[in-house]
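Coordinate inspection notes
Each chain, written out:
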Amino acid sequence: MNRLIDTLRGEHANHENLLRVLERQLDAEDGPDFDIVEAIVEYFLTYPVVRHHPLENLIFDRLRMRDPSAIAKIGDLEHEHADEQAWMRAFAGALTSAKGSGVVRRDVFTETAAAFIQLQRAHIAKEEDWFFPAALAALTERDWRDIKRQAPGDETGDPFFGGDVVGRLALLRRQILRWDEEDRGHLTLQ
Ligand SMILES: [Fe+2]
Ligand SMILES: [Fe+2]
């Protein structure tokens, strides 16, 4: 049992929930609900950027020292994180201008969002199947202690927002899931 990896796995489960919500928006008969889509983009532009990816990058750096052959199999995760952020920012910009003009090219929106869902799922699967097991096998207790100390933010606050970003983002995630339930006409969350 490793609390850092457990946290990352729990966050992947959250990410997958949001990807499923986004996927349902693509299939919605009367078009996507852009409030939900924007909230999902906001989520992916905040928490993963300030905590999830930096923590994975720290673990990845340590794995590079301990087991370079594992890194060769996994590929460049740090690059994938940077790509994901750039993609999200571009998508957020496209959403804003689409809303401003009142015109949303549904095919473009669908293609872009579907590509993101696919990439995210492949990235998460790679981390779950290769990266986390390799790190758990190769890193020492001392490595994990160092990583915990260097990880950005902790229970006392986030370096980016200087506040309880986990709480705020948990609320945002909850709100997205609630809207999704409402959209589907069977609200179960409170
Ligand atoms: Fe990642
Ligand atoms: Fe991840």
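Here's a quick rundown of the structure. (Residues numbered from 1 in each chain as written. Chains lettered and ligands numbered in written order. Predicted model: local features only at pLDDT ≥ 70, side-chain atom pairs only at ≥ 80, totals over all residues. Heavy atoms only, no water.)

Considering the pattern of salt bridges
What the rule picks out here adds up to 11 salt bridges. Among the salt bridges present, the one from Arg 121 reaches Glu 23, with a minimum N-O distance of 3.0 Å. Residue Arg 121 is found in helix H5 (residues 106–138), and its partner Glu 23 is found in helix H1 (residues 3–27); the two are separated by 98 residues along the sequence. The salt bridge partner of Glu 78 is Arg 64, with a shortest N-O separation of 3.3 Å. One end of the pair, Glu 78, is in helix H4 (residues 77–101); the other, Arg 64, is in helix H2 (residues 34–66), with 14 residues separating them in the sequence. If you follow the salt bridges from partner to partner, you end up with Arg 62, Arg 66, Asp 143, Asp 146 and Arg 149 in one network. (Salt bridge = Lys/Arg side-chain N within 4 Å of Asp/Glu carboxyl O. Helix = DSSP H or I, 4+ residues; strand = E, 2+ residues; numbered from the N terminus.)

Concerning the nonpolar core
Ranked by internal contacts, the top residues of the largest apolar core, which has 24 residues, are Ile 40, Phe 44, Phe 91, Leu 95, Phe 109 and Ile 176. Contributions of two or more residues to this core are made by H1, H2, H4, H5 and helix H7 (165–183). In terms of residues, this core owes the most to one element, H2, which gives nine residues. What Ile 40 contacts, discounting residues up to four positions off in sequence, is Leu 18, Val 21, Leu 22 and Ile 176. Formed by 20 residues, the second largest nonpolar core is a distinct cluster that contains Ile 59, Ala 70, Trp 144 and Ile 147. (Core = buried A, V, L, I, M, F, W, Y, C linked by side-chain atoms within 4.5 Å. Buried < 20%, exposed > 50% of the residue type's maximum accessible area, 1.4 Å probe, protein only. Contact = heavy atoms within 4.5 Å.)

Describing the coordination of the iron ion (ligand 2)
Distances from the iron ion (ligand 2) to its protein donors, His 12 (NE2), His 52 (NE2), Glu 56 (OE) and Glu 127 (OE), fall at 1.9 to 2.2 Å. Angles of 82 to 166° at the metal separate the four donor atoms of the iron ion (ligand 2), which places the site in the irregular class. As a motif over one chain, the donors of the iron ion (ligand 2) read H-x39-H-x3-E-x70-E. (Donors = N, O, S within 2.8 Å, 3.2 Å for Na, K, Ca; no water. Tetrahedral: all angles 85-135°; square planar, octahedral: opposite > 155°, others 65-115°.)

What about empty space enclosed by the protein?
Gaps left between atoms are located by rolling a probe of water-molecule size over the structure's atoms. Tallying each qualifying case throughout the model produces one cavity of 30 Å³ or more. By volume, the largest cavity is sized at about 50 Å³. Along the walls of the largest cavity sit His 12, His 15, Phe 44, Pro 48, His 52, His 53, Glu 56, Glu 84, Gln 120, His 123, Ile 124 and Glu 127, which together make up its complete lining. Secondary-structure elements contributing two or more residues to the lining of the largest cavity are H1, H2 and H5. It is H2 that contributes the most residues to the lining of the largest cavity, five residues altogether. Residue composition of the lining of the largest cavity, by class: three nonpolar, six polar and three charged. (1 Å grid on protein atoms, 1.4 Å probe; cavity = no way out; pocket = protein on both sides within 12 Å on 5 of 7 lines; lining within 4 Å. Points joined across faces, edges and corners; volume = space filled by probe spheres on them. Nonpolar A, V, L, I, M, F, W, Y, C, P; charged D, E, K, R; others polar.)

Looking at the environment of Gly 31
Position of Gly 31 among the secondary structure elements: in the loop between H1 and H2. Measuring from C-alpha to C-alpha, the distance between Gly 31 and Arg 106 comes to 7.9 Å, with 75 residues separating the pair along the chain. Residues contacting Gly 31, with those up to four places away along its chain left out, are Gln 25 and Arg 106.

What to know about the packing of H2 against helix H6 (residues 141–150)
For the pair H2 and H6, interaxial distance at closest approach is 10 Å and the crossing angle is 150°. The angle between H2 and H6 places the two elements in the roughly antiparallel class. Of the two possible hands of crossing, H2 and H6 adopt the one that is right-handed. Contacts from Leu 55, Leu 58, Ile 59, Arg 62 and Arg 66 in H2 reach Asp 143, Trp 144, Asp 146, Ile 147 and Gln 150 in H6. Each residue belonging to the contact of H2 with H6 can be placed in one class, and the counts come to five nonpolar, one polar and four charged. (Axes fitted to C-alpha atoms, helices over the stretch in contact; angles between N-to-C directions. Parallel < 35°, antiparallel > 145°, perpendicular 65-115°, else oblique. Left-handed = near helix turned anticlockwise from the far one by under 90°.)

Topic: the coordination of the iron ion (ligand 1)
Taken together, Glu 56 (OE), His 81 (NE2), His 123 (NE2) and Glu 127 (OE) make up the protein donors of the iron ion (ligand 1), found 1.9 to 2.1 Å from the metal. Around the iron ion (ligand 1), the four donor atoms sit at angles spanning 82 to 172°, and that spread fits a shape best called irregular. Considered as a linear motif, the donors of the iron ion (ligand 1) on their single chain read E-x24-H-x41-H-x3-E. Between the two metals, the iron ion (ligand 1) and the iron ion (ligand 2), the spacing is 3.1 Å, and Glu 56 donates to both. Within this pair, whereas His 81 is found in helix H4, its partner Glu 127 is found in helix H5, the two being separated by 46 residues in sequence. When sorted by exposure, His 81 lands in the same class as Glu 127, which is buried.

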